[in-house]
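# Structure assessment
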Amino acid sequence: MSMVQESVDVDVPLHTAYDQWTQFADFPRFMEGVQEVTQLDERHNHWKTSIAGVTREFDTEIVDQLPDEKIAWRTVGGDVQQMGVVTFRRLDDGRTTVRLAMDFKPDGMAEKAADAMGMVDRRVKGDLKRFKSFIEERGVENGGWRGRITPG
């Protein structure tokens, strides 16, 4: 497994950043290569991605979700093996740090080479910068889910 960790400070309140991140169907608007995310239920999402001409589909399960603090997930089926957590930390009334940590298993020579060259880290960093632009331009979340999901 390989690990990537990136963070970004966004100029919106904590609840705004968190609530927007719970809107998984919006991920294609700021995540490069993500074509579609369909929320199946409170815990499960189906993803369609296309990266470097390779299309993949996989399912994720949210294993731990605590409003305004974190969302942790893992893949449970499909072409991708990963797990990760996104955390939210209040800096002040109008600013929040969003930190993403993800373990993933590169599949095949091309993905292993891309990982070795730091391309995955750059992609995640770019996704977080695009999230920053997306939420700051809007200034408000377009929905939110504040439920609690506990591990187990």
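One can find the structure itself at the top, above this paragraph.
Let me begin by describing the structure that accompanies this report. (Residues numbered from 1 in each chain as written. Predicted model: local features only at pLDDT ≥ 70, side-chain atom pairs only at ≥ 80, totals over all residues. Heavy atoms only, no water.)

All right, on to helix α3 (residues 119-138) then. Taking 1.5 Å per residue, 20 residues should reach 28 Å; α3 reaches 28 Å between its end C-alpha atoms and fits that length. The set of residues buried in α3 consists of Val120, Val124, Gly126, Asp127, Leu128, Phe131, Phe134 and Ile135. One or two residues past the end of α3 sits glycine 139, with phi positive at roughly 75°. (Helix = DSSP H or I, 4+ residues; strand = E, 2+ residues; numbered from the N terminus. Expected span 1.5 Å × (residues − 1). Buried < 20%, exposed > 50% of the residue type's maximum accessible area, 1.4 Å probe, protein only.)

In contact at an axis separation of 11 Å, helix α1 (residues 14-21) and α3 are set at 115° when each is read in the N-to-C sense. Of the two elements, α1 crosses α3, and the hand of that crossing is right-handed. Between α1, through Thr16, Ala17, Gln20 and Trp21, and α3, the contact on the second element is made entirely by Leu128, Phe131, Phe134, Ile135 and Arg138. A class-by-class count of the residues in the contact of α1 with α3 yields six nonpolar, two polar and one charged. (Axes fitted to C-alpha atoms, helices over the stretch in contact; angles between N-to-C directions. Left-handed = near helix turned anticlockwise from the far one by under 90°. Contact = heavy atoms within 4.5 Å. Nonpolar A, V, L, I, M, F, W, Y, C, P; charged D, E, K, R; others polar.)

Any functional reading would require information that these geometric values do not contain.
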